[in-house]
Amino acid sequence: MAMCELCGKKPMFGHNVSHSNRKTNRKFKPNVQRVTVILNGVPKRMRICTRCLRTLYKEARKA
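All of these numbers come straight from a predicted model, not from anything done at the bench.

A. Region of the structure containing the pairing of strand 3 (residues 32-39). In the sheet, strand 3 pairs with strand 4 (residues 42-49) via eight bridges, with the strands oriented antiparallel. Paired with I38 across the strands is P43, a residue of strand 4. Between strand 3 and strand 4, which pair antiparallel in sequence order, lie two residues; one of them, N40, sits at a positive phi of approximately 55°.

Listed below in structure tokens is the structure:
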């Protein structure tokens, strides 16, 4: 399932809106990537969204 294991972000629902203003259902999925993250010195494979991946990268650069 398209769900981030860190922040819990899940698909959201909305509408496709045509030129004639008809509304049909659609789904907005988070951009989830499968990456290896080092947590407490132990590498772990996780499915995380790109927002969390960006935040982890920024925190790693600070340290």
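B. Main features of the nonpolar core. C4, V35, V37, M46, I48, C49 and C52 together form the largest nonpolar core, which totals seven residues. Counting only elements with at least two residues in this core, the list comes to strand 3 and strand 4. A total of three residues in this core trace back to one element, the largest contributor, which is strand 4. If sequence neighbours within four positions are ignored, V35 has contacts with K44, R45, M46, I48 and L53.

C. Focus on the packing of aromatic side chains. If you walk through the whole model with that rule in mind, you get zero aromatic pairs. Note that R26 overlies the ring of F28, its terminal NZ or CZ placed 3.8 Å from the centroid.

D. Here's a closer look at unusual backbone geometry. In this structure, N21 is a non-glycine residue whose phi angle is positive, near 70°. Following the sequence through the fold, N21 ends up in the loop between strand 1 (12-17) and strand 2 (23-28).

E. Structural detail: a positive patch on the surface. On the surface, K9, R51, R54, K58, R61 and K62 cluster together into a positively charged patch. With respect to the helices, strands and loops of the structure, K58 is situated in helix 1 (residues 50-62). Taking relative accessible area as the criterion, K58 reaches 45% and is therefore assigned partly exposed.

Cut-offs applied
Residues numbered from 1 in each chain as written. Predicted model: local features only at pLDDT ≥ 70, side-chain atom pairs only at ≥ 80, totals over all residues. Heavy atoms only, no water. Pairing = 2+ DSSP bridges. Helix = DSSP H or I, 4+ residues; strand = E, 2+ residues; numbered from the N terminus. Core = buried A, V, L, I, M, F, W, Y, C linked by side-chain atoms within 4.5 Å. Buried < 20%, exposed > 50% of the residue type's maximum accessible area, 1.4 Å probe, protein only. Contact = heavy atoms within 4.5 Å. Phe/Tyr/Trp six-rings, centres within 6.5 Å; stacked < 30°, edge-to-face > 60°. Lys NZ or Arg CZ within 6 Å of the ring centre and 35° of its normal. Patch = residues over 30% accessible without salt bridge, like charges linked within 9 Å, V, L, I, M, F, W, Y side chains within 5 Å. Areas by Shrake-Rupley, 256 points an atom, 1.4 Å probe, with all protein chains shown as cover. Salt bridge = Lys/Arg side-chain N within 4 Å of Asp/Glu carboxyl O. Lys, Arg positive; Asp, Glu negative; His and termini not counted. Charge placed at Lys NZ, Arg CZ, Asp CG, Glu CD.

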